[in-house]
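The lines below spell out each chain.
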Amino acid sequence: QVQLVESGGGLVQAGGSLNLSCAASRITISLYTMAWYRQAPGNQRELVATIDNSGRTNYADSVKGRFTISRDNAKKMLYLQMNSLKPEDTAVYYCYNPTLSSWGQGTQVTVSS
C-alpha cells in the first residue's frame, strides 16, 4: 500500500517557524507532483504549495515568501518549511499526491497570537 505520513506540527508563537515532513512509503516520489494542503476549522481544505518532478514550485498567495516546499527523492521525503508564521496559518496540514489521489493523515499546526 502507498502511505504518506506527516510529522513536525505543533504549537508555535506568531513569527516562529516549523518544518513539516511527509514520509512516503512504497512510492517513488520523483515520478509525481506533490502538494501540501491545509484545512482550518470551519474552512474548506486549501492548496498551500506544489512541487513537480522537475522541482518547479508554486505557492498560494497567502504563503508566498514565507513557506518553502522541497523534496528529497532519495529519502522519499517531502518538506514544508514555514517561517514567519501567523495565527491565520493555524490548520491541519496534509501531504498529498494528486496523481494517485493519496492523502496523509495530517499534522496539526497551531500559531498563537
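Residues numbered from 1 in each chain as written. Predicted model: local features only at pLDDT ≥ 70, side-chain atom pairs only at ≥ 80, totals over all residues. Heavy atoms only, no water.

### Brief notes about the side chain of Asp 52
Logical step 1: Secondary-structure assignment places Asp 52 in the loop between β5 (46–51) and β6 (57–59).
Logical step 2: Among residues more than four places away in sequence, those in contact with Asp 52 are Tyr 32, Thr 33 and Arg 71. (Helix = DSSP H or I, 4+ residues; strand = E, 2+ residues; numbered from the N terminus. Contact = heavy atoms within 4.5 Å.)

### Focus: the environment of Met 82
Logical step 1: Within the secondary structure, Met 82 sits in strand β8 (residues 77–82).
Logical step 2: Here Met 82 falls in the buried class, since its relative accessible area comes to 0%.
Logical step 3: Taking the C-alpha atoms as reference points, Met 82 and Asn 43, separated by 39 residues in sequence, lie 20 Å from one another.
Logical step 4: In contact with Met 82, not counting residues within four places along its chain, are Gly 16, Ser 17, Leu 18, Leu 20, Arg 66, Phe 67, Tyr 93 and Val 109. (Buried < 20%, exposed > 50% of the residue type's maximum accessible area, 1.4 Å probe, protein only.)

### Concerning the state of the cysteines
Chemically, a disulfide is nothing more than a covalent bond linking the sulfur atoms of two cysteines.
Logical step 1: All told, the structure shown has one disulfide when counted by the stated rule.
Logical step 2: With its sulfur 2.1 Å from that of its partner, Cys 22 forms a disulfide with Cys 95. Measuring the twist about the S-S bond at about -75°, one finds the Cys 22-Cys 95 disulfide to be left-handed. Taken together, the residues Cys 22 in strand β3 (residues 18–25) and Cys 95 in strand β9 (residues 91–97) connect sequence positions 73 residues apart. For the pair Cys 22 and Cys 95, a shared accessibility class is recorded, and that class is buried. (Disulfide = S-S within 2.5 Å.)

### A few points about the environment of Thr 50
Logical step 1: In this structure, Thr 50 sits in strand β5.
Logical step 2: For the pair Thr 50 and Leu 85, spaced 35 residues apart in the sequence, the C-alpha separation amounts to 19 Å.
Logical step 3: In contact with Thr 50, not counting residues within four places along its chain, are Thr 33, Met 34, Ala 35, Arg 56, Thr 57, Asn 58 and Ile 69.

### A few points about the sheet that holds strand β7 (residues 67–72)
Logical step 1: If you trace the four strands from one edge of the open sheet to the other, you get β1-β3-β8-β7, paired in antiparallel fashion. At either margin of the open sheet sits one strand with a lone partner, and together these are β1 (3–7) and β7. Across the sheet, the mean angle from the axis of one strand to that of its neighbour is 15°, orientation sign disregarded.
Logical step 2: With six bridges connecting them, β7 and β8 associate as antiparallel partners. Residue pairing across strands places Asp 72 opposite Met 77, the latter belonging to β8. (Pairing = 2+ DSSP bridges. Axes fitted to C-alpha atoms, helices over the stretch in contact; angles between N-to-C directions.)

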